[in-house]
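# Examining the three-dimensional arrangement
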Amino acid sequence: MSDQPSEASRPPEQSPQADPQQQPEPQPPAPTAAAAPDPSVKAATPDQLVKAAAAADAPSRAGTPAAGAGNPWQYGAGAPGARNSTGDGVTARLRPPAPPLIRPAVLWSVLATAVLSALLLGDGLGVNLLIVAVLAALAAFFAARSAGRRLRPWTATWAVGGLALLAVPALRDAGWPTFLAVVSAFALGSLALHGSRSWLGVLIGSLGLFDSVVPGIIWGVRGIRARADGSRARWGAGLRTTAVAAVLLVVFGTLFASADAAFADLLGSLIPDVSLGDGPWRIFLFALGLAGALAAAYAAAAPVRWDGITVSPGRPRGRVEWALPLIVLNLLFAAFIALQLVVLLGGYEKVRAETGLDHAEYARQGFWQLLWATLLTLLVIALALRRAPRGGSRDRTLVRAVLGTLCVLTLVVVASALRRMDLYVDEYGLTRLRISVAAMELWLGVVLVLILAAGVFGARFLPRAIAVSAAAGVLAFGLLSPDGLIAEQNVQRFEARESAGIDIDYLKDLSADAVPALDRLPEPERSCALRIIQREVLHTDTPWYATSWGEARAKEILEKRPVQGDGRDCYRLGTDGVRDGYEPDDDGYDPY
């Protein structure tokens, strides 16, 4: 709150042309704090003092307009430096009025988020991230309810999807699907708070939570000040109760831990290990959790309406000018697809005779070009829709026919690209890059299907449908365990054709998710592939809340069947896993 008078309460400045003899009429003096109290007036309760403090942030009644959609940048009317609603630019109409005073439930949820962020997130990512996110979601829920917002179906969809994505770090040990899941969960959480539906709204709204960080901190500080001024006795009792409970837990917990070793182990596994050396890192995590939870609560109470940002439609073109280039492109796609069908039906020998490429080289040469062709087709469709003729029903029929044909032909190109990747993987094995680009190509095919559906049923839900498909793809990608799939495919390929070999140098750098599949390899391939993973899994003391299910399962397997030998057998395996590789140097250096 500001102690400065509002603009409306300040006396107007005297004009230079005004009569110097003209003086304002005397006004009766206002009652002061030193005036004698009225015995009929009761003492104010703490809740009444909080309401009075909140009223101090309310708009002044002396002529200043209320802080609403017309002046959304204000946190309270009459604040120093507040500008008029006519000068705030395009973002002025995007911000709603300032939210009500922060409630105790929101404050406690924010504080719990910050404390658990400092205690749990410093040791790695696992189920701890989901725990912290649930508390931040509770703070946002309480703030939205206090502001009168209702839970809508799309809000619930974004929120549930974001929390589901945070199950990936709890289940998988690999870092790259975890990174994709965390970023996608943040985007869906931001969409749940802002409720965007247009193209720009969904795109900007997925990052819109950053815009609420500073206003959220200011909102929290003002709420704490107002409640501290009105409830000092209550705050003191709460602090004393917390201190006594902490002392009792420490004293009796120490006694019980020293009396029973099993209880000491249980207590040690439940309590985070916090050392003084981790102090700066823990403080940073506390501040990060506090700022993030306040931003989420503020955005839930006063979301920015990013849908208000609009882009003017492009100037429509004539039918022939618009349709002719796209029809030519469709014919080109049709010719390419016809050639692919000839190759699939047995014409490959002719292509091989002309190009000199085998199946794997032919597949590798074409996959990346087809991936780029799919991406560029989506760009062409977006530009074509912007310049499409909009004269009537005949123009709509033309647009649907031309672009629908292009989408169908592009789907065949997507299928051809995936077939080429399948041939290449069958020859050389699966890798992280290959599975990633194949998943990307598959999602682009889903986007094309959604565009076709929008042409039939309308494009109202298309932006949100594409966002849902992207989040669902990231969730499926993480839950399917890409490192596990890579190891499984390479092991099956080695079991079917041992002469083809297996790339031990690549497999040994996978995460713990690959251990169940690599455990089926014969010796010495098994030990060579698992030696580095065993060192990382068995020799790290990670707490339960930062340990993924994939890592726990790998630890159980490796404890029952540890790797054998000292790594010297790995020198006799080449990079493709076959015998008669290279011998170790005389110095006995062991890179494993």
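Only a predicted model underlies this, so the values are computations on that prediction, with no experimental measurement involved. (Residues numbered from 1 in each chain as written. Predicted model: local features only at pLDDT ≥ 70, side-chain atom pairs only at ≥ 80, totals over all residues. Heavy atoms only, no water.)

What the chain contains, in helices and strands, is 21 helices and zero strands. Expressed as a percentage of the 592 residues in the chain, the buried residues total 38%. Long-range contacts, defined here as pairs at least 24 residues apart, represent 74% of the contacts in the chain between residues at least 6 apart. (Helix = DSSP H or I, 4+ residues; strand = E, 2+ residues; numbered from the N terminus. Buried < 20%, exposed > 50% of the residue type's maximum accessible area, 1.4 Å probe, protein only. Contact = heavy atoms within 4.5 Å.)

What follows covers the confidence of the model for the chain. Close reading of the predicted structure is inappropriate where its pLDDT is low. Model confidence for the chain is summarised by a mean pLDDT of 76, while 70% of its residues fall at 70 or above. Mean pLDDT across the elements of the chain ranges from a minimum in helix α1 (residues 46-56), with 47, to a maximum in helix α16 (residues 462-479), with 94. Across residues 49-90, where pLDDT falls below 50, the model places 68 contacts with residues more than four positions away in sequence or in other chains. (pLDDT = per-residue confidence, 0-100.)

A few words now on the packing of aromatic side chains. Taken as a whole and judged by the stated rule, the model has eight aromatic pairs. Ring geometry for Trp176 versus Phe477: centroids 5.4 Å apart, planes at 75 degrees, classification edge-to-face. A residue pair is termed long-range when its members are at least 10 positions apart, and Trp176 in helix α6 (residues 175-194) and Phe477 in helix α16 qualify at 301 residues. (Phe/Tyr/Trp six-rings, centres within 6.5 Å; stacked < 30°, edge-to-face > 60°.)

Once that is clear, we can look at helix α2 (residues 104-120). In a regular helix each residue adds 1.5 Å, so 17 residues correspond to 24 Å; α2 covers 24 Å between its end C-alpha atoms and thus fits that length. For α2, the set of buried residues is Val106, Leu107, Ser109, Val110, Thr113, Ala114, Ser117, Ala118 and Leu120. (Expected span 1.5 Å × (residues − 1).)

A word on a nonpolar patch on the surface. A cluster of nonpolar side chains, Val244, Val247, Leu248, Val251, Phe252 and Leu255, forms an exposed patch at the surface whose accessible area comes to about 540 Å². Along the chain, Phe252 falls in helix α9 (residues 232-259). The exposure class of Phe252 is partly exposed, given its relative accessible area of 43%. (Patch = residues over 30% accessible without salt bridge, like charges linked within 9 Å, V, L, I, M, F, W, Y side chains within 5 Å. Areas by Shrake-Rupley, 256 points an atom, 1.4 Å probe, with all protein chains shown as cover. Salt bridge = Lys/Arg side-chain N within 4 Å of Asp/Glu carboxyl O.)

The interhelical angle for the contact between α2 and helix α11 (residues 279-301), taken along N-to-C directions, is 150 degrees, at an axis separation of 7 Å. Viewed along their axes, α2 and α11 adopt a mutual orientation that is roughly antiparallel. In this structure, α2 meets α11 at a crossing whose hand is right-handed. Residue-level inspection shows Val106, Val110, Leu111, Thr113, Ala114, Val115, Ser117, Ala118, Leu119 and Leu120 of α2 in contact with α11, the latter providing Arg282, Leu285, Phe286, Gly289, Leu290, Ala293, Leu294 and Ala297. In the contact of α2 with α11, the residues fall into 14 nonpolar, three polar and one charged. (Axes fitted to C-alpha atoms, helices over the stretch in contact; angles between N-to-C directions. Parallel < 35°, antiparallel > 145°, perpendicular 65-115°, else oblique. Left-handed = near helix turned anticlockwise from the far one by under 90°. Nonpolar A, V, L, I, M, F, W, Y, C, P; charged D, E, K, R; others polar.)

With an omega of 5 degrees, the peptide bond between Glu523 and Pro524 qualifies as cis. With respect to the element layout, Pro524 can be found in the loop between α19 (515-518) and α20 (525-538). The phi dihedral of Ser481 is positive, around 60 degrees, even though this residue is not glycine. Within the secondary structure, Ser481 is located in the loop between α16 and α17 (482-496).

With that settled, consider the pattern of salt bridges. With the rule as written, the count across this model stands at 12 salt bridges. The closest approach of N and O atoms between Asp519 and Arg561, which form a salt bridge, is 3.3 Å. With Asp519 in the loop between α19 and α20 and Arg561 in the segment after α21 (549-560), this pair connects stretches of sequence that are 42 residues apart. Between Lys560 and Glu556 there is a salt bridge, and its shortest N-O distance comes to 3.6 Å.

Moving on, we get to the nonpolar core. If you look at the biggest cluster of nonpolar residues, it comprises 51 residues, and the most contacted ones within it are Ile502, Val515, Leu518, Leu521, Leu530 and Ile533. Counting 18 residues, the second largest nonpolar core, distinct from the first, contains Leu129, Leu165, Ala185 and Val202. (Core = buried A, V, L, I, M, F, W, Y, C linked by side-chain atoms within 4.5 Å.)

With that settled, consider the environment of Ala301. Position of Ala301 relative to the elements: it lies in helix α11. Classification of Ala301 as buried rests on a relative accessible area of 11%. Once the C-alpha coordinates of Ala301 and Phe141 are considered, the two residues, 160 residues apart in sequence, prove to be 8.7 Å apart. Setting aside anything within four residues of it in sequence, one finds Ala301 in contact with Pro99, Ala143, Ala147 and Arg149.

So, about the packing of helix α15 (residues 432-457) against α16. In the contact formed by α15 and α16, the axes pass within 10 Å of each other and the chain directions differ by 155 degrees. The angle between the axes of α15 and α16 places the two elements in the roughly antiparallel class. α16 is crossed by α15, and the crossing has right-handed handedness. Contacts from Ile435, Ser436, Ala439, Trp443, Val446, Val447, Leu450, Ile451 and Ala454 in α15 reach Leu462, Ala465, Ile466, Ser469, Ala470 and Phe477 in α16. Considered class by class, the residues forming the contact of α15 with α16 number 13 nonpolar, two polar and no charged.

Residues Arg150, Arg152, Arg197, Arg305 and Arg460 make up a contiguous surface patch of positive charge. Residue placement: Arg150 occurs in the loop between α3 (127-146) and α4 (153-165). (Lys, Arg positive; Asp, Glu negative; His and termini not counted. Charge placed at Lys NZ, Arg CZ, Asp CG, Glu CD.)

Once that is clear, we can look at the side chain of Ser469. Checked against the element boundaries, Ser469 lands in helix α16. Judged by its relative accessible area of 13%, Ser469 is buried.

As a further point, take the environment of Gly220. As for its placement among the helices and strands, Gly220 is situated in helix α8 (residues 213-230). Sequence separation of Gly220 and Leu290 is 70 residues, and the distance between their C-alpha atoms is 9.8 Å. Apart from the residues lying within four places of it in its own chain, the contact partners of Gly220 are Ile102 and Leu294.

Here Ser184 shows up in helix α6. Those residues in contact with Ser184, other than ones at most four positions away along the chain, are Leu165 and Val474.

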